Amino acid sequence: MTSTPPFFTHRPVDPVGDLDLLHAWVTQERARFWGMTDHTGDEVGEVYAYLDSLETHHAYLVHEHRADVAPVAVLQTYEPEHDPVGEAYDVHTGDLGVHLFVGPGERRPGFTGHLVQYLLGVVLEDPSVQRIVVEPDVLNERSVARFRREGFEVGPVVDLGHKTAQLAFLPRPR
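Predicted, not measured: the structure shown is a model, and the values here were computed from it.

Caption draft 1: How the structure looks around the packing of aromatic side chains. Evaluated as defined, the whole model comprises 6 aromatic pairs. A ring pair is formed by tryptophan 34 and phenylalanine 101, whose centres lie 5.4 Å apart and whose planes are at 45°; its orientation type is tilted. One end of the pair, tryptophan 34, is in the loop between helix 1 (19–26) and helix 2 (41–53); the other, phenylalanine 101, is in strand 4 (residues 95–102), and 67 residues separate them in sequence. Here tryptophan 34 falls in the buried class, since its relative accessible area comes to 18%. Given the relative accessible area of 6%, phenylalanine 101 is considered buried. Their ring planes at 65° and their centres at 5.0 Å tell us that phenylalanine 147 and phenylalanine 152 sit as a pair that is edge-to-face.

Caption draft 2: Representation of the packing of helix 1 against helix 2 in the model. Running from amino to carboxyl end, helix 1 crosses helix 2 at an angle of 110°, the nearest separation of the two axes being 9 Å. Our classification of the angle between helix 1 and helix 2 gives roughly perpendicular. Residues Leu19, Leu22, His23 and Val26 of helix 1 touch helix 2, and the partners they reach there are Gly41, Val44, Gly45 and Tyr48. Split into classes, the residues belonging to the contact of helix 1 with helix 2 amount to 5 nonpolar, 3 polar and no charged.

Caption draft 3: Fine view of the environment of serine 143. Assignment of secondary structure puts serine 143 in helix 4 (residues 141–149). Sequence-wise, serine 143 and glycine 121 are 22 residues apart; in three dimensions their C-alpha atoms are separated by 18 Å.

Caption draft 4: Summary view of the pattern of salt bridges. Evaluation of the coordinates by the stated rule reveals 5 salt bridges. Put simply, arginine 131 and aspartate 95 hold a salt bridge, and the shortest N to O gap is 2.9 Å. Of this pair, arginine 131 sits in strand 5 (residues 131–134) while aspartate 95 sits in strand 4, and the two are 36 residues apart along the sequence. On the basis of relative accessible area, arginine 131 is assigned to the buried category, the value being 14%. Here arginine 146 makes a salt bridge to glutamate 150, at a shortest N to O gap of 2.9 Å. What makes arginine 146 buried here is its relative accessible area of 18%. Assessed through its relative accessible area of 15%, glutamate 150 is described here as buried.

Cut-off values and rules
- Residues numbered from 1 in each chain as written.
- Predicted model: local features only at pLDDT ≥ 70, side-chain atom pairs only at ≥ 80, totals over all residues.
- Heavy atoms only, no water.
- Phe/Tyr/Trp six-rings, centres within 6.5 Å; stacked < 30°, edge-to-face > 60°.
- Helix = DSSP H or I, 4+ residues; strand = E, 2+ residues; numbered from the N terminus.
- Buried < 20%, exposed > 50% of the residue type's maximum accessible area, 1.4 Å probe, protein only.
- Axes fitted to C-alpha atoms, helices over the stretch in contact; angles between N-to-C directions.
- Parallel < 35°, antiparallel > 145°, perpendicular 65-115°, else oblique.
- Contact = heavy atoms within 4.5 Å.
- Nonpolar A, V, L, I, M, F, W, Y, C, P; charged D, E, K, R; others polar.
- Salt bridge = Lys/Arg side-chain N within 4 Å of Asp/Glu carboxyl O.

Geometric descriptors of this kind do not, in isolation, establish any biological role.
Written as structure tokens, this is what we have:
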């Protein structure tokens, strides 16, 4: 017997209203690759307020609908030409950078794969997006492996100053 795939929705992060949740998530040891484990609540709030002020960077809280509507992840998108990563590779027209943080909680087999597929579908709804760019820390082996399983083409390893990143690209399906 197979289980029903999860149903997800997303909405923009509210830097004030979502602050307690975001701070609780990003300061856990499991979030070390997110780079905010030592941030105070005010500092996390400043990061998300800054992102909210930009036209080129966006943050979304992803919810799973079950018996309730539970937050399960943060999705961030950015235009690489307006981000430091854009200095580390040859940015193509239509590139869109993506960060994904899966929140803590009970996970079921296939959950993250369904979540990633949902997010790829959301990002590719915009016909101007021709290629998705990710740049996980090279030490984040689980993330690098996940993107490979999802069909991302591995690019170069680059120094972004705050981390050594594995670039990977997913061209829009033809």
